[in-house]
Amino acid sequence: MNGKTLYDKLWEAHVVRSNPDGTALIYIDRHLVHEVTSPQAFEGLRLAGRVPWRIDANLATADHNVPTTGRRQGITDPVSRLQVETLDQNCLDFGITEFAMNDPRQGIVHVIGPEQGATLPGMTVVCGDSHTSTHGAFGALAFGIGTSEVEHVLATQCLLMKKAKNMRVRVDGEIPFGVTAKDIVLAVIGHIGTAGGTGYAIEFAGSAIRSLSMEGRMTVCNMAIEAGARAGLIAVDDKTVDYFHGRPYAPSEQQWDRAQTVWRSLHSDEDAVFDREIGVNAGTIPPQVTWGTSPEMVVAIDDRVPDPAREADATRRASMRGALEYMGLVPGTPMHDIAIDKVFIGSCTNSRIEDLRAAAAVVKGRRIARNVKLAMVVPGSGLVKAQAEREGLDKVFTGAGFEWREPGCSMCLAMNADHLEPGERCASTSNRNFEGRQGAGGRTHLVSPAMAAAAGIAGHFVDVRNWR
Amino acid sequence: MQKFTTLTGIAAPMDRANVDTDAIIPKQYLKSIKRSGFGPNLFDSWRYLDHGEPGMDHSRRALNPDFVLNQPRYAGASVLLARVNFGCGSSREHAPWALMDYGFRVIIAPSYADIFYQNCLKNGLLPVVLDEDMVQRLFEEVYAQEGYRLSVDLGMQTITTPSGRNIHFDIDPFRKHCLINGLDEIALTLEHVDEIRAYEAQRRKEAPWLFHEARS
Ligand code: SF4
């Protein structure tokens, strides 16, 4: 008998019932809710005359549509406003705790879950949002669901699922100066492709992953979905346990010892067998910049825009050509030479305090380049924003010409007023460079916070390893 | 959920790999609080020449003549032929809602993103998986023959081409059962209320901190 993987352990602890056909009813400990994927689920509940199974398992916030300026005036776009008000009303009607737009704890759903201790090791965490994989950084089984499943969780506290396969991505070695969790995960996606993790839960392991802070680990798991995996996972260690001290939803003093004993068993056994294993040496990873319209279209900063003519596979060649045309790039162009129009520092990938500190360290005492029309920093939550202000980071940013905004998803997907104009090019710390993601015709290059900040100062992409 | 048993319809080719759900239904339409009405905005940014916003009269917008679904030969298509990793990206269920609202009931592709695949099944949109060579052959046949129709029989798990060739496909037996009968999955789960309660009671004892209210 082989040992168990972390994923096996989490799965088994949540099986309510196994069916002969290989599906299982899985219990959901935490359900995070936001305004975009929930209204039709609440409506479905009402139509069927059902009520939420366990109200205290739900935590809601408005993040996708909220403005990042002028919140006192409310939301001006009537369609956005209706969606946010619908969430407020649903939470009120069903008794669900919500951090509404003007609550100091409001923020991106994947930032506030851990911040509140509403995400805990050993939990199953779901949300109608694919980046729920973020919460796997804490040894929780966390994955995104669709709206039908949101309704199912609300009504039954369970989901009917089939177990995924196990994949392990081991990242060993020392992480070089100027290289971050974002670069590691982009490099992994570049290596295995955006469908490389489809059908798997990916456990990220190895000395480089262990050396990351909890913020860095969240960045890595956040982008597991960009590799096709619904869930990303990282084993619990001291850093994980320490993270939860004093958080509002964390175990009480009396239960702490029992809880942490359970949490510390949340790792793969020595003799666990994975269906697929990949090894990466962190020491050889340079800062990454995407050049195309899929996160797997990524190269090192000291590399060049690739040439589709050299791609043997016809479907891939066609995708590359389409991407280059959309991005307005010519094969062979050094990444350094690509000038940018806007900088976006934010999103559930990179909007936590560590990310803001890293970006601030780069811009301190400098000014954004003349050709940069807008550089904005959007903290992941009200609490991150307050912390950054206590540290004076807001002054560092505004002093350098960056705008300091209110928390939310903002230009990660541009559902609010923050967006790129057609043809504008952006250095973005978000997770998706799809066509039109940051605004119709907008061109997104995914990078780390330090790389985005440096690009804002230089006006084009630059290697932060030379930026001391 | 809408039942699915059999269907015969025009097949349309979506000849791109990694089509993401942002492309299937752009974000500005996600502000709707309804489940219906997304059809006119399926593939919005590829389909129209202008930039679309909710509330516009989409029937008056200029169509992009180069976009495949705008070609008259694919009008009324109900089978979408697609490439690898279809439906990747965002978990938005608006993607299958839009595809169905447009008129698609079947997608055929070599692979799908996991969340999208589940979302299709929960709405009565049948995502068929065939190997890449088979899908390639279907693409060639669709391009070659105007009015190319496929017949899909979920009970038999077959797709029949105009020349009478039968192609078998696999599908999970439980999913097949739900689709054929249009079952409400929540009602099925609620048949196990006692088991859920028993599990919950046990977990409350073992790990009471999982049931905490905030202590702020
Ligand atoms: S920040 Fe972006 S990726 Fe994250 S939840 Fe918001 S829209 Fe989705």
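Look above for the structure.
**Student:** Which parts of the structure should I look at to understand the sheet that holds strand 17 (residues 403-404) of chain A?
**Tutor:** Paired through backbone hydrogen bonds, the strands of a sheet run either parallel or antiparallel to each other. Residues and elements named next belong to chain A. Overall, parallel pairing links the 5 strands, which are arranged 17-16-15-18-19 in an open sheet. Of all strands in the sheet, those bounded by a partner on one side alone are strand 17 and strand 19 (443-446). Bridge count between strand 15 (residues 342-345) and strand 18 (residues 425-428): 3 bridges; the pairing is parallel. Paired with Val343 across the bridge in strand 18 is Ala427. Lying on the sheet, helix 11 (residues 314-327) is in contact with strand 18 and strand 19; it crosses strand 19 at an angle near 110°.

**Student:** Even after reading the chapter, I still don't get the packing of helix 12 (residues 353-363) of chain A against helix 13 (residues 382-390) of chain A, so can you show me in this structure?
**Tutor:** The relative placement of two packed helices is expressed as an angle between their axes plus a distance between the axes. Residue and element names in this part refer to chain A. Between helix 12 and helix 13, the least distance of the axes is 10 Å, while the angle of their chain directions is 40°. Classified by the angle their axes make, helix 12 and helix 13 are oblique. The two elements helix 12 and helix 13 cross, and the hand of that crossing is right-handed. From helix 12, Ile353, Leu356 and Arg357 reach across to helix 13, where they touch Val384, Gln387 and Ala388. Residue classes in the contact of helix 12 with helix 13 are distributed as 4 nonpolar, 1 polar and 1 charged.

**Student:** Is there a simple way to explain the packing of aromatic side chains in this structure?
**Tutor:** Each aromatic ring pair is characterised by the separation of its centres together with the angle its planes make. Tallying each qualifying case throughout the model produces 19 aromatic pairs over all chains. Site record: aromatic cluster; members linked through ring pairs are Phe138, Tyr243, Phe244, Trp256 and Trp263 of chain A. Between the NZ or CZ atom of Arg197 of chain B and the centre of the ring of Trp53 of chain A, over which it lies, the distance is 4.4 Å.

**Student:** Hey, could you run me through the sheet that holds strand 3 (residues 30-33) of chain A in this one?
**Tutor:** Residues and elements named next belong to chain A. Spatially, the 5 strands line up as an open sheet ordered 5-4-3-6-7, and their pairing is parallel. This sheet does not close on itself; its edge strands, each paired only once, are strand 5 (97-99) and strand 7 (141-144). Looking at each pair of strands side by side, their axes are set apart by 20° on average, direction ignored.

**Student:** Explain the pattern of salt bridges to me, please; I cannot follow it from the model alone.
**Tutor:** A side chain with one charge can pair with a side chain of the opposite charge if their charged atoms come near. In the structure shown here, the tally under the stated rule is 41 salt bridges over all chains. Between Arg105 of chain A and Asp103 of chain A there is a salt bridge; the shortest N-O distance is 3.0 Å. Arg437 of chain A is paired through a salt bridge with Asp22 of chain B; the nearest N and O atoms lie 3.1 Å apart. With Arg437 of chain A in the loop between strand 18 and strand 19 and Asp22 of chain B in helix 1 (residues 21-24), this residue pair bridges two chains. By the burial criterion, Arg437 of chain A is buried, and Asp22 of chain B matches it. Through salt bridges that share partners, Glu149 and Arg230 of chain A together with Lys122, Arg175 and Glu185 of chain B make up one connected network.

Scoring rules and cut-offs
Residues numbered from 1 in each chain as written. Chains lettered and ligands numbered in written order. Predicted model: local features only at pLDDT ≥ 70, side-chain atom pairs only at ≥ 80, totals over all residues. Heavy atoms only, no water. Pairing = 2+ DSSP bridges. Helix = DSSP H or I, 4+ residues; strand = E, 2+ residues; numbered from the N terminus. Contact = heavy atoms within 4.5 Å. Axes fitted to C-alpha atoms, helices over the stretch in contact; angles between N-to-C directions. Parallel < 35°, antiparallel > 145°, perpendicular 65-115°, else oblique. Left-handed = near helix turned anticlockwise from the far one by under 90°. Nonpolar A, V, L, I, M, F, W, Y, C, P; charged D, E, K, R; others polar. Phe/Tyr/Trp six-rings, centres within 6.5 Å; stacked < 30°, edge-to-face > 60°. Lys NZ or Arg CZ within 6 Å of the ring centre and 35° of its normal. Salt bridge = Lys/Arg side-chain N within 4 Å of Asp/Glu carboxyl O. Buried < 20%, exposed > 50% of the residue type's maximum accessible area, 1.4 Å probe, protein only.

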